[in-house]
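Descriptive analysis of the structure
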Amino acid sequence: MSKPRALIVEDNLENAELASFVLDEGFIVDAVSDATDVMRKVASFRPDVILMDIKLGGGDGLSLTRQLKADPATAEIVVIAFTAFAMKDDEAQLRSAGCDAYIAKPIDVTRFADEVLAAMAAKAQRPHQSGDGHLDG
Ligand code: MN
């Protein structure tokens, strides 16, 4: 089985490098630091999962997530909010923007790759968000 493709969207170089380093063993990894480059990178790299920083130069992660989830070509990409603050209200905001999960920073290097895989597995088990849950016939 081929490795999943992970795109790290993060404007803090240290965080981006650490995340890339930790994911490198189990994923094909690419990274982008500026919000204005994200859509072009998604189109060329075609990630299975995106680690999405929320506060970015050039834009913000929530708007990018809404954009990705509104486009059928990218709606199935698992988006994991990559955020330093994940209080209850923030989580509701992340979910309503379309984030499938979140991982708090700073990352726990011993668990990070497993957390990403777990979010992908959870998403794969859920019915598509656009569906109403009915099974016809
Ligand atoms: Mn940031």
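Anyway, here's the lowdown on the structure attached to this text. Computed from a prediction, not measured in an experiment: that's the story for all the values here.

Digging into the overall build of the chain
Scanning the chain from N- to C-terminus turns up five helices and seven strands. Ordered by position in the sequence, the α and β elements of the chain form the string β-α-β-α-β-β-β-α-β-α-β-α. Taken across its 137 residues, the chain has 39% of its residues classed as buried. Within the chain, counting contacts between residues at least 6 apart in sequence, those at least 24 apart form 58% of the total. Per element, the accessible surface of the chain, about 8,100 Å² overall, is 52% carbon and sulfur.

Re the nonpolar core
Residues Leu7, Val9, Val42, Ile50 and Met52 are the most contacted members of the largest nonpolar core, which totals 20 residues. Elements represented by at least two residues in this core include exactly β1 (5-9), α2 (38-45), β3 (49-53), α3 (61-70), β6 (78-83) and α4 (88-97). In this view, Val42 contacts Leu7, Pro47, Ile50, Leu68, Thr74 and Ile77; residues no more than four positions away in its chain are not counted. Grouped together as the second largest cluster of nonpolar side chains are 19 residues, Val78, Phe82, Ile103 and Ile107 included.

A short note on helix α1 (residues 13-23)
Listed as buried for α1 are Ala16, Ala19, Val22 and Leu23. The arc that holds the buried residues of α1, viewed along the axis, is 135 degrees, so those residues lie on one side. Opposite its buried face, α1 presents the exposed residues Leu13, Glu14, Glu17 and Phe21, each directed more than 90 degrees away. Buried residues along α1 sit against β1, β2 (28-32), β3, β6 and α5 (112-125). The N-cap residue of α1 is Asn12: its side-chain oxygen and the backbone nitrogen of Glu14 are 3.0 Å apart.

Notes on the sheet that holds β6
Taken in spatial order, the five strands of this open sheet run β2-β1-β3-β6-β7, and their pairing is parallel. The sheet terminates laterally at β2 and β7 (101-104), the two strands that pair on one side only. Along the sheet, successive strands turn relative to each other by an average axial angle of 20 degrees, direction set aside. Pairing analysis gives four bridges linking β6 to β7, with the strands arranged parallel. Its bridge partner being in β7, Thr83 is matched across the sheet by Ala104. Across the sheet, α1 is in contact with β1, β2, β3 and β6; its angle to β1 comes to roughly 170 degrees.

Basis of the calculations
- Residues numbered from 1 in each chain as written.
- Predicted model: local features only at pLDDT ≥ 70, side-chain atom pairs only at ≥ 80, totals over all residues.
- Heavy atoms only, no water.
- Helix = DSSP H or I, 4+ residues; strand = E, 2+ residues; numbered from the N terminus.
- Buried < 20%, exposed > 50% of the residue type's maximum accessible area, 1.4 Å probe, protein only.
- Contact = heavy atoms within 4.5 Å.
- Areas by Shrake-Rupley, 256 points an atom, 1.4 Å probe, with all protein chains shown as cover.
- Core = buried A, V, L, I, M, F, W, Y, C linked by side-chain atoms within 4.5 Å.
- Arc of directions from axis to C-beta.
- Polar contact = N/O pair within 3.5 Å; in protein donor to acceptor, adjacent residues only side chain to side chain.
- Pairing = 2+ DSSP bridges.
- Axes fitted to C-alpha atoms, helices over the stretch in contact; angles between N-to-C directions.

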